[in-house]
Every structure is written in structure tokens, then in C-alpha cells.
Amino acid sequence: MSRILYVILWALAITVLGGPVQAQDKPPQFATTKVEGTDNVYVFRYANSQAMFVVTPGGVIATDPIGYGRPQAATTYIEEIKKVTQQPIRYVIYSHHHFDHIAGGKPFKDAGAKFVAHKRAKERLATLKDPHTVLPDETVDKNRTIKLGGTSLELTYLGLNHCDSTLIMRLPKEKIIFAVDLMPVGSLPWRGMIDSYPLEWEASLKKVLAMDWEKLIPGHPGTGGRLGTKQDVEDILAFLQDVSAEVKTAAHEGKCWDTVEKEMKLEKHTKWPNYEQAMPFVLRRYCGLWGRGT
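Quick summary incoming for the structure in this document.

Topic: the nonpolar core
Residues Ile168, Met183, Leu205, Val243 and Val247 are the most contacted members of the largest nonpolar core, which totals 38 residues. Elements with a minimum of two residues in this core: strand S11 (176–179), helix H6 (198–210), helix H7 (230–252) and helix H9 (275–292). With 9 residues, H7 is the single largest residue contributor to this core. Leave out the neighbours within four places in its chain, and Leu205 touches Leu182, Met183, Val233, Ile236, Leu237 and Leu240. With 25 residues, the next largest nonpolar core counts Tyr42, Ala51, Ala73 and Tyr94 among its residues.

Quick word on the packing of aromatic side chains
Describing an aromatic ring pair means giving the distance of the ring centres and the angle of the ring planes. Within this structure, the stated rule accounts for 9 aromatic pairs. Their ring planes at 5 degrees and their centres at 6.2 Å tell us that Phe30 and Tyr46 sit as a pair that is stacked. With Phe30 in strand S1 (residues 30–34) and Tyr46 in strand S2 (residues 41–46), the pair connects residues that are 16 residues apart, well separated along the chain. The exposure class of Tyr46 is buried, given its relative accessible area of 5%. Between Phe53 and Tyr77 the ring centres are 6.2 Å apart and the planes differ by 55 degrees, which places this aromatic pair in the tilted class. Of the two residues, Phe53 is situated in strand S3 (residues 49–56) and Tyr77 in helix H2 (residues 71–84); the sequence distance between them amounts to 24 residues. Neither Phe53 nor Tyr77 differs from the other in exposure class; each is buried.

Considering the pairing of S3
Of all 8 residues in S3, 8 are buried; the element is thus mostly enclosed. Burial along S3 is two-sided: the face carrying Ser49, Ala51, Phe53 and Val55 and the face carrying Gln50, Met52, Val54 and Thr56 are both buried. In this sheet, S3 lies alongside S2 in antiparallel orientation, the contact comprising 6 bridges. Bridge pairing in S3 places Val43 opposite Met52. Between S2 and the antiparallel strand that follows it, S3, lie 2 residues; Ala47 among them carries a positive phi value of about 55 degrees. Pairing analysis gives 4 bridges linking S3 to strand S4 (residues 59–63), with the strands arranged antiparallel. Bridge pairing in S4 links Val54 to Ile61. Linking S3 to S4, which pair antiparallel, is a turn of 2 residues.

Rules behind the numbers
- Residues numbered from 1 in each chain as written.
- Predicted model: local features only at pLDDT ≥ 70, side-chain atom pairs only at ≥ 80, totals over all residues.
- Heavy atoms only, no water.
- Core = buried A, V, L, I, M, F, W, Y, C linked by side-chain atoms within 4.5 Å.
- Buried < 20%, exposed > 50% of the residue type's maximum accessible area, 1.4 Å probe, protein only.
- Helix = DSSP H or I, 4+ residues; strand = E, 2+ residues; numbered from the N terminus.
- Contact = heavy atoms within 4.5 Å.
- Phe/Tyr/Trp six-rings, centres within 6.5 Å; stacked < 30°, edge-to-face > 60°.
- Pairing = 2+ DSSP bridges.

Written as C-alpha cells, this is what we have:
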């Protein structure tokens, strides 16, 4: 009787609860997606990093190899491009000099691609001599337009911000920009605050908002994997301005570093999904700015 009762109760539980809870599906390790509304613009994602590539009749313009600590990411990137087109990869454009986005480019170099970056990126890479990062063949100072197969890609240097070598890449026809770490989509900057220039970052965001674009491809997937909008940029700008003002006041009261880092809360911004994770990095950087002048 006890066994029969157990079977009846188990069957009832399945009926009411809908059976065992299934493990949530994890996203695949990598994916390639064509940007909606375009014929030739693609996003390549590997783990939590993203790059953009553009296919033209004259060849492919690729960005960031994203092979830091994972050389298979760069080779997978090339394989994914080959699934879309047999056109050769003509250019690889570095978004900035940080290894987590630009390391691993040797397979692209071996395939004949020409590497382009901001001049400060080349200067830093030449000093660091990272064995996994290809030195740029050509550099950009303030502006340059790459023209290939009827497609134009504008490269713009806005000055100091997330770092000192960031290029904004804009496809004027498609009204798309590709920018890495400068404007996270749906989340806050965190480790990226370490070597940033906070006040100049705000100025750069204002310049980006003044540019003509509709979609932002970020260097890390946006919330839900979405692309960004100007509203996302406005939200990040508002956050940076608010935390800057709060920490400035606290610093003038002698509360940097420990008091600010341990006690400061920005209640209006706690909705951000990575708020708790990001704030220690953000507060420390602003204490450096307003508490030490660095």
C-alpha cells in the first residue's frame, strides 16, 4: 500500500508541477548574427566578447580578434566569416589597445589582413611587446575612412575616455557604430574603470550622441544580447555624472577612500543588473579623481 501511495503522490506532483525542472539552456560558445536591416554587417560573439565584421565585394573588414587566452576564438572567427563569404579578409581594425579584445590576431595576419589602430594603441603595444597581439600596420590620428567594395567605415578618435586609444567605428549608410567598453549596453562599466579618464569619458559620450547613428554594436553582449541605442548612451552618461558629483562632494569632506567605497550607495541606479559588482571599481576610480586628482 505504501508503494502504491508513493506512486500516486509522485504522479500527482508531476501533474501539478509539470515534471522535473529542466536546467536552463546555456547560450552556445560562439554565434554569428547578421544585423537586422543590413545586407552585410555581422556580429561575431565568442563567450562574452563581440566583434563586428562587414562583407563587401572587395573583401571583408573585421574588427577585434578577441583571442585573449583563447586562440581558438580567432580561428573560429575566421571560420565563421568563411561560412558567410569567400572574400578575403582585407582589414582588421583594433577598437583600442586592451588585450582582452585585440589579442590573438595572428591567423588574420597569416591570411593577409592589414591591421589598423589608433596611433596610441601602436605605441603602447610596441612597448608591451605582447607575443599574442599583432602590431598594427597602419595607424589613425583623428579620423580615417576605410573604403572597400562600395562600403565606407569611418574611424574616429574622440580623445581620452575608457582609455587613450579608443576608435569609434561608424558605418554611415547603415547608421551603425561599433564601440568597445566605452558604452556598455544595459550594464555598468566595472573593471574598465581602472585606467579610464572619467571626465573625458563624459565628453566623449556627448560627442557620440551628436553623431548620426541608430544602432550600437558593443564589445560585450548587451542585456538579452541586444544592440544599443542612444538611450543606452544617455543612461551611461547620467550614471557617470551622478556618481562623479556624489564622490566629489564626499572627497571634499575627506571621505575617500574607505568611507566612500564601503558606504556610498546611489539608490536611483541600483536597478542596473551588475550594480553591486561594478560599484567598487567605479567608486575607487572616482575617489582617485576627486580625492587625489589622478
